[in-house]
Number of protein chains: 2
Amino acid sequence: MPNPTAAMLVIGDEILSGRTQDANTNHLAKALTERGIDLKEVRVVSDEPAAIIAAVQALSAGFDHVFTSGGIGPTHDDITADCIAQAFETPIDIRDDARALLAAHYASTGRELNAARLRMARIPDGATLIDNPVSIAPGFSLGNVHVMAGVPSVFQTMVASLLPSLTHGAPLVSQTVKLFKGEGDLAGPLAELSDSYPDLSIGSYPFQERGIYGSNIVLRGTDAARIALAADALRAQFQ
Amino acid sequence: MPNPTAAMLVIGDEILSGRTQDANTNHLAKALTERGIDLKEVRVVSDEPAAIIAAVQALSAGFDHVFTSGGIGPTHDDITADCIAQAFETPIDIRDDARALLAAHYASTGRELNAARLRMARIPDGATLIDNPVSIAPGFSLGNVHVMAGVPSVFQTMVASLLPSLTHGAPLVSQTVKLFKGEGDLAGPLAELSDSYPDLSIGSYPFQERGIYGSNIVLRGTDAARIALAADALRAQFQ
């Protein structure tokens, strides 16, 4: 059976303006690769309802899982939860269990659970909460869309809470063969190797080290024995 | 007149597997922001023709400019140029001017211009070359799609070659106001500020410093005087 597929949706003007570099995609990509869920697409969209809703609908229809990051805090630009509800044409309101989590948290820290913070208890009907041990305000899953915070420490803890509950496949494994040959000299042999191992993904990543051209050849697949065979064949040819 | 809009398309399994962290998006985002071109969406897709072609067509139709990175080297997994040609239903072949650039370069470095390297001279009909002072193999623009290399040093030099030729708008400027208040306490006032300055984008980014909660409030727009007014109003309220 093929591995489940996934897409990531990053919501945030701060990435698009270049102010912030997105770190959540790389964290999720590694975690999914380890669990055998194939990340096939990433989108970054601006904090505009039409852009968020269209992306959620397209990705939810196209992939087994969609993971979002960003836009679920207490401020006016935090519109992700409402956009998800709209994308699924589902009502959204403050939910008792989410409110109870926040009430206990703010009572214990002596801060006020005001109207802005209460917005973080807005959860679409039918959603399942995602645990947030770091800052308590929960994420949620609705259908195949998993909605998480943008702050990296919170995003990471939500991914850790969520992933064990998802059906997974065979972990993707890889081996890298480092060759001091330019890509142009390796291209022919790599194409032949790729034809002989159609079950592997073979990527070539050029580098320059002290003026010498080289390429890291990355062999990826779910069968470690096949990867070892292909890596040995490549080394025998060039090392 | 509103600023031109743009999308970025990153082609690369190595980003989706988590092996590599994409650095080109952040570089392009900053360069576009400085030039008054609004980056509205980023997509990362795998090295699969159907995924690349669909993304090129969707983004080319939706935005004034599309910038791609990755997949234009000499190896079997470098399929971007052919996918762009297919997306535009345009023929593609080795072009004399691109071949001449490569021939001169490889002659001067004593390396062979073999069949694999010649693939880098495959340019869709009607495209304009993008200069590559770093490693010579050119990028190209076809319609509103600008096709560049994935290696960051080459991507950056191609962006520098390309941007001066594009119509641009008013540069986006920003001011950040750092407040030692949690987002939950700022949310009400920020919503009011956003209502008073509908021409500005006002984002809030929480942080924690030595146990104290705070928020960086980023005010963005094209009119520096309006941004200064809004920033002063915010400071007067909280500092």
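Residues numbered from 1 in each chain as written. Chains lettered and ligands numbered in written order. Predicted model: local features only at pLDDT ≥ 70, side-chain atom pairs only at ≥ 80, totals over all residues.

Overview of the overall build of chain A
Here is step 1 of the chain: A count of helical and extended segments in chain A gives nine helices and 11 strands.
Here is step 2 of the chain: By its C-alpha atoms, chain A is 65 × 40 × 35 Å across when sized along the principal axes.
Here is step 3 of the chain: By the burial criterion, 45% of the 239 residues in chain A qualify as buried.
Here is step 4 of the chain: A separation threshold of at least 6 residues defines the contact pool for chain A, and within that pool the share at least 24 residues apart is 67%. (Helix = DSSP H or I, 4+ residues; strand = E, 2+ residues; numbered from the N terminus. Buried ≥ 20, exposed ≤ 12 C-beta atoms within 10 Å, placed from the backbone. Contact = placed C-beta atoms within 7 Å.)

Describing the domain arrangement of chain A
Here is step 1 of the chain: When cut into domains, chain A gives domain 1 (5-165) and domain 2 (173-238).
Here is step 2 of the chain: Taking the mean C-alpha position of each, domain 1 of chain A and domain 2 of chain A sit 37 Å from one another. (Domains from an automatic or database assignment.)

Structural notes on the relation of the copies chain A and chain B
Here is step 1 of the chain: When chain A is fitted onto chain B, the two copies agree to an RMSD of 0.0 Å after a turn of 180 degrees and an axial shift of 0.0 Å. Taken together, these values place the two copies in the relation of a two-fold axis. When C-alpha positions in chain A are compared against the rotation axis, the closest is assigned to A:Arg43, at 2.2 Å.
Here is step 2 of the chain: Same-surface contact between copies: 98% of interface residues of chain A are shared with the interface of chain B. (Least-squares fit on C-alpha atoms with pLDDT ≥ 70 in both.)

Notes on the pairing of strand E11 (residues 212-221) of chain A
All names here are of chain A.
Here is step 1 of the chain: Note that strand E9 (residues 173-179) and E11 share seven bridges and pair antiparallel. Looking across to E11, one finds that Lys178 is bridged to Asn216.
Here is step 2 of the chain: The turn linking strand E10 (residues 201-209) back onto E11 is made up of two residues, and Arg210 within it adopts a positive phi angle of 45 degrees. (Pairing = 2+ DSSP bridges.)

Looking at the interface of chain A and chain B
Here is step 1 of the chain: Contacts between chain A and chain B engage 46 residues on the former and 46 residues on the latter.
Here is step 2 of the chain: For the side of chain A that touches chain B, the secondary structure elements donating two or more residues are helix H1 (13-16), helix H2 (24-35), strand E2 (38-45), helix H6 (115-118), helix H8 (183-196), E10 and E11 of chain A.
Here is step 3 of the chain: Ranked by residue count, the leading element in the side of chain A that touches chain B is H8(A), at eight residues.
Here is step 4 of the chain: For the side of chain A that touches chain B, the residue count by class is 18 nonpolar, 17 polar and 11 charged.
Here is step 5 of the chain: Note: E2(A) against strand E2 (residues 38-45) of chain B, five bridges, orientation antiparallel. Bridge pairing in E2(B) places A:Val42 opposite B:Val44. (Nonpolar A, V, L, I, M, F, W, Y, C, P; charged D, E, K, R; others polar.)

Here we look at the sheet that holds E10(A)
All names here are of chain A.
Here is step 1 of the chain: The three strands lie next to each other as E9-E11-E10, forming an open sheet whose pairing is antiparallel. Unpaired on one side and paired on the other, E9 and E10 mark the two borders of the sheet. Averaged over all pairs of adjacent strands, the angle between their axes in this sheet comes to 20 degrees, without regard to strand direction.
Here is step 2 of the chain: Strands E9, E10 and E11 of the sheet are contacted by H8, whose axis makes an angle of about 165 degrees with E10.
Here is step 3 of the chain: Lying on the sheet, helix H9 (residues 224-238) is in contact with E9 and E11; it crosses E9 at an angle near 5 degrees. (Axes fitted to C-alpha atoms, helices over the stretch in contact; angles between N-to-C directions.)

Some details on the sheet that holds strand E8 (residues 145-148) of chain B
Here is step 1 of the chain: With respect to topology, 12 strands assemble into an open sheet ordered E6(A)-E7(A)-E8(A)-E3(A)-E1(A)-E2(A)-E2(B)-E1(B)-E3(B)-E8(B)-E7(B)-E6(B), the strand pairing being mixed. Lying at the two open borders of the sheet, with one neighbouring strand each, are strand E6 (128-130) of chain A together with strand E6 (128-130) of chain B. For this sheet, the mean inter-axis angle between neighbouring strands, taken without regard to orientation, is 20 degrees.
Here is step 2 of the chain: As defined by bridge partners, strand E3 (residues 65-69) of chain A adjoins strand E8 (residues 145-148) of chain A across four bridges and the pair is classed as parallel. Looking at E8(A), one finds that A:Phe67 is bridged to A:His146.
Here is step 3 of the chain: The strands touched by helix H7 (residues 152-162) of chain B are strand E3 (65-69), E6, strand E7 (139-142) and E8 of chain B; relative to E8(B), the strand with the most contacts, the crossing angle is about 145 degrees.

Remarks on the confidence of the model for chain A
Here is step 1 of the chain: Model confidence for chain A is summarised by a mean pLDDT of 94, while 100% of its residues fall at 70 or above.
Here is step 2 of the chain: This prediction of the complex comes with two scores: 0.91 for pTM and 0.90 for ipTM. (pLDDT = per-residue confidence, 0-100.)

A word on unusual backbone geometry
Here is step 1 of the chain: In this structure, B:Glu89 takes a positive phi of about 50 degrees despite not being glycine.
Here is step 2 of the chain: Here B:Glu89 shows up in the loop between helix H4 (80-87) and strand E4 (92-94).

Observations regarding the packing of H2(A) against helix H7 (residues 152-162) of chain A
Residue and element names in this part refer to chain A.
Here is step 1 of the chain: At a minimum axis distance of 10 Å, the contact between H2 and H7 shows a crossing angle of 20 degrees. Here H7 runs roughly parallel to H2, going by the angle between their axes. Classified by chirality, the crossing of H7 by H2 is right-handed. Contacts between H2 and H7 pair Asn24, His27, Leu28 and Ala31 from the former with Pro152, Phe155, Gln156 and Val159 from the latter.
Here is step 2 of the chain: Its residues placed into classes, the contact of H2 with H7 shows five nonpolar, three polar and no charged. (Parallel < 35°, antiparallel > 145°, perpendicular 65-115°, else oblique. Left-handed = near helix turned anticlockwise from the far one by under 90°.)

Focus on the environment of A:His65
Residue and element names in this part refer to chain A.
Here is step 1 of the chain: Among the secondary structure elements, His65 is positioned in strand E3.
Here is step 2 of the chain: Among the residues examined, His65 registers 23 C-beta atoms within 10 Å and is labelled buried.
Here is step 3 of the chain: Distance from His65 to Met8, taken between C-alpha atoms, is 8.5 Å for residues 57 residues apart in sequence.
Here is step 4 of the chain: Excluding anything up to four places from it in sequence, His65 contacts Pro4, Ala6, Ile37, Asn144, His146 and Leu166.

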